[in-house]
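# Chains, contacts and geometry: an overview
What follows is the residue order along each chain.
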Amino acid sequence: MKKAIVLVLLALSVASCTQTEKGAGIGAVSGAIIGGAITGNVRGAAVGAAIGGVSGAVIGHVAEQPGQCYYRDRYGRRYIDDCR
């Protein structure tokens, strides 16, 4: 029952967020769970949350721009352009 309440509260907390904010939140929570499960300590969970949050924010930001995609040039730099 406690898990259901937590999930409902989590869903309500991100209901009015932008795609970038939702992606960052979901990525951070997922990263913390995975990092904590793999390493078995709080430090791994914190690192996982940071990596997941940044990754989720990038993915969410792209989702806000329909028809736009991230690409990398031959030097490894990222840029946004129309999807092919």
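On a predicted model such as this, the values are computed, not experimentally measured, just so you know.

## What to know about the overall build of the protein
A count of helices and strands for the protein gives three helices and two strands. Put simply, the protein runs from its N terminus to its C terminus through helices and strands in the order α-α-α-β-β. At a minimum sequence separation of 6, the contacts of the protein that also span at least 24 residues come to 29%. Entry remark: accessible area of the protein is about 6,200 Å², with carbon and sulfur atoms responsible for 67%.

## Focus on the pattern of salt bridges
Between side chains of opposite charge, a pair can form as their charged atoms come close. Summed over all chains, the structure comprises one salt bridge. R77 is the partner of D73 in a salt bridge, and the nearest nitrogen-oxygen pair spans 3.0 Å. We classify R77 as exposed; its relative accessible area is 52%.

## A look at the confidence of the model for the protein
Counting all residues, the mean pLDDT for the protein is 78, and 77% of those residues have values of 70 or more. Here helix 1 (residues 2-13) is the element of the protein with the lowest mean pLDDT, 66, and helix 2 (residues 19-39) is the one with the highest, 84.

## Side note on the packing of aromatic side chains
The geometry of an aromatic ring pair is captured by two quantities: the separation of the ring centres and the angle between the planes. Within the structure shown, the criterion is met by one aromatic pair. Their ring planes at 35° and their centres at 5.9 Å tell us that Y71 and Y79 sit as a pair that is tilted.

## A short note on the pairing of strand 2 (residues 78-82)
Sheet topology places strand 1 (residues 68-72) next to strand 2; five bridges connect them, and they run antiparallel. The residue bridging Y71 from the neighbouring strand is Y79, located in strand 2.

## A few points about a nonpolar patch on the surface
Together, V29, I33, I34 and I38 give the surface a local cluster of nonpolar side chains, amounting to about 410 Å² of exposed area. Within the secondary structure, I38 is located in helix 2. Classification of I38 as exposed rests on a relative accessible area of 68%.

## Focus on helix 2
The end-to-end C-alpha distance of helix 2, which contains 21 residues, comes to 29 Å, matching closely the 30 Å that a straight helix rising 1.5 Å per residue would cover. Taken together, the buried positions of helix 2 are G23, G27, G31 and G35. For helix 2, the arc enclosing every buried residue in end-on projection is 75°, short of the 170-degree limit, so these residues lie on one face. Projecting away from the buried face of helix 2 at angles above 90 degrees are the exposed residues I26, I33 and A37. A positive phi of about 80° marks G40, the residue just after helix 2.

Criteria and cut-off values
Residues numbered from 1 in each chain as written. Predicted model: local features only at pLDDT ≥ 70, side-chain atom pairs only at ≥ 80, totals over all residues. Heavy atoms only, no water. Helix = DSSP H or I, 4+ residues; strand = E, 2+ residues; numbered from the N terminus. Contact = heavy atoms within 4.5 Å. Areas by Shrake-Rupley, 256 points an atom, 1.4 Å probe, with all protein chains shown as cover. Salt bridge = Lys/Arg side-chain N within 4 Å of Asp/Glu carboxyl O. Buried < 20%, exposed > 50% of the residue type's maximum accessible area, 1.4 Å probe, protein only. pLDDT = per-residue confidence, 0-100. Phe/Tyr/Trp six-rings, centres within 6.5 Å; stacked < 30°, edge-to-face > 60°. Pairing = 2+ DSSP bridges. Patch = residues over 30% accessible without salt bridge, like charges linked within 9 Å, V, L, I, M, F, W, Y side chains within 5 Å. Expected span 1.5 Å × (residues − 1). Arc of directions from axis to C-beta.

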